[in-house]
Amino acid sequence: MAPGGRALVRARIGAAGIRSPLTGRAYAVSPYGTWQFTGPAGRPVHVPADRPAEVEFELRPPPGAVPGTYWMLVKAACQGRIAYGPAIAVRVSGVPDVPQG
C-alpha cells in the first residue's frame, strides 16, 4: 500500500476442541516505529464454541512513511491464554495516495 493509503488485515481466531465460547482481545503487534500503522491496536473478540471468529485491523501508513517491508502479527488473549498468529509482511510503496476530490 502507499503512504496515506489504507488496507485491511483479517485474522481468524479459532477454538478447536473448546466446548464453550471464549471472550478476549486481539492485538495487532509490530515492532516499534511501525505499530502506528494499525488502529485500533486492540479489538474485542468473541469466539463461539468449536467455531472460529474473525477480527479485522485497519492499516494506514502515514503520508511520510518510509517505503519498505514491515512486519506485524496478531496476538489473541482469551480466558487467560495467549496465541500468536504468523508474521505477515506489510509492504509500503514509495508513492503516496492522493485523495480524489
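In this report, we go over the structure that sits alongside the text. (Residues numbered from 1 in each chain as written. Predicted model: local features only at pLDDT ≥ 70, side-chain atom pairs only at ≥ 80, totals over all residues. Heavy atoms only, no water.)

Moving on to the overall build of the protein chain. Scanning the protein chain for helices and strands turns up 0 helices and 8 strands. Helices and strands in the protein chain line up, N terminus first, as β-β-β-β-β-β-β-β. If one aligns the C-alpha atoms of the protein chain with their principal axes, the spans along those axes are about 50 × 30 × 15 Å. Taking all 101 residues of the protein chain together, 30% fall into the buried category. By element, 57% of the accessible surface of the protein chain is carried by carbon and sulfur atoms, the whole surface being about 6500 Å². (Helix = DSSP H or I, 4+ residues; strand = E, 2+ residues; numbered from the N terminus. Buried < 20%, exposed > 50% of the residue type's maximum accessible area, 1.4 Å probe, protein only. Areas by Shrake-Rupley, 256 points an atom, 1.4 Å probe, with all protein chains shown as cover.)

Let us look at the nonpolar core. Counting residues in each nonpolar core, the largest one holds 21 residues, and the members touching the most others are I13 and M72. The set of elements that each furnish at least two residues to this core consists of β1 (7–13), β2 (22–29), β4 (42–47), β5 (53–59), β6 (68–78) and β8 (88–92). Looking at this core element by element, the count peaks at 5 residues for β6. For I13, the residues in contact, after removing those within four places along its chain, are A26, V45, V47, R51, P52, A53, V55 and A76. (Core = buried A, V, L, I, M, F, W, Y, C linked by side-chain atoms within 4.5 Å. Contact = heavy atoms within 4.5 Å.)

Looking now at the pattern of salt bridges. In this structure the tally under the stated criterion is 5 salt bridges. Across the pair E58 and R6 runs a salt bridge, and its minimum N-O distance is 2.4 Å. Within this pair, whereas E58 is found in strand β5, its partner R6 is found in the segment before β1, the two being separated by 52 residues in sequence. Relative accessible area serves as the criterion here: at 24%, E58 is assigned to the partly exposed category. Connected through shared salt-bridge partners, R6, E58 and R60 make up one network. (Salt bridge = Lys/Arg side-chain N within 4 Å of Asp/Glu carboxyl O.)

Right, let's talk about the packing of aromatic side chains for a bit. On inspection of all chains with the given rule, the structure shows 1 aromatic pair. Arranged with centres 5.0 Å apart and planes meeting at 70 degrees, the rings of F37 and Y70 form a pair that is edge-to-face. Of the two residues, F37 sits in the loop between β2 and β3 (38–39) while Y70 sits in strand β6, which places them 33 residues apart along the sequence. The buried category is assigned to F37, whose relative accessible area is 5%. Stacked on the ring of Y27, the Lys or Arg K75 has its end atom at 5.4 Å from the ring centre. (Phe/Tyr/Trp six-rings, centres within 6.5 Å; stacked < 30°, edge-to-face > 60°. Lys NZ or Arg CZ within 6 Å of the ring centre and 35° of its normal.)

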